[in-house]
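Take a look at the letters that make up each chain.
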Amino acid sequence: MARTKPSKQLSQDEIERFLVAAEALHKSIVGPLLAYHSEHYQALREVHGPLLKSIETITG
């Protein structure tokens, strides 16, 4: 499927809103204190890398 509109660069305000939303999502996931040896904590470590990469890709 071809893109009909070219990608636009995000404005500084849009980047700020995205980062605030990303931080809120991160805190909602890891907000409860997790034991380092727990299965949930280990799963979050595996997801953290790709999540960080996607944030870097989106924000440039």
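Residues numbered from 1 in each chain as written. Predicted model: local features only at pLDDT ≥ 70, side-chain atom pairs only at ≥ 80, totals over all residues. Heavy atoms only, no water.

Q: Would you explain the pattern of salt bridges in this entry?
A: Counting across every chain of the model gives one salt bridge. A salt bridge links lysine 27 to glutamate 23; its shortest N-O distance comes to 3.2 Å. Residue lysine 27 and its partner glutamate 23 are both found in helix α1 (residues 12–30); the two are separated by four residues, about one turn of the helix. By relative accessible area, glutamate 23 is classed as partly exposed at 43%. (Salt bridge = Lys/Arg side-chain N within 4 Å of Asp/Glu carboxyl O. Helix = DSSP H or I, 4+ residues; strand = E, 2+ residues; numbered from the N terminus. Buried < 20%, exposed > 50% of the residue type's maximum accessible area, 1.4 Å probe, protein only.)

Q: Which parts of the structure should I look at to understand the packing of α1 against helix α2 (residues 39–59)?
A: In helix packing, the relevant descriptors are the interaxial angle and the interaxial distance, both defined with respect to the helix axes. Relative orientation of the contacting elements α1 and α2 amounts to 175°, with a least axis distance of 12 Å. When the axis of α1 is compared with that of α2, the two are roughly antiparallel. Counted together, Ile15, Phe18, Leu19, Ala22, Ile29 and Val30 of α1 and His40, Leu44, Ile55, Ile58 and Thr59 of α2 form the full contact between these two elements. Per-class residue counts for the contact of α1 with α2 are nine nonpolar, two polar and no charged. (Axes fitted to C-alpha atoms, helices over the stretch in contact; angles between N-to-C directions. Parallel < 35°, antiparallel > 145°, perpendicular 65-115°, else oblique. Contact = heavy atoms within 4.5 Å. Nonpolar A, V, L, I, M, F, W, Y, C, P; charged D, E, K, R; others polar.)

Just geometry here; none of it tells us what the structure is for.
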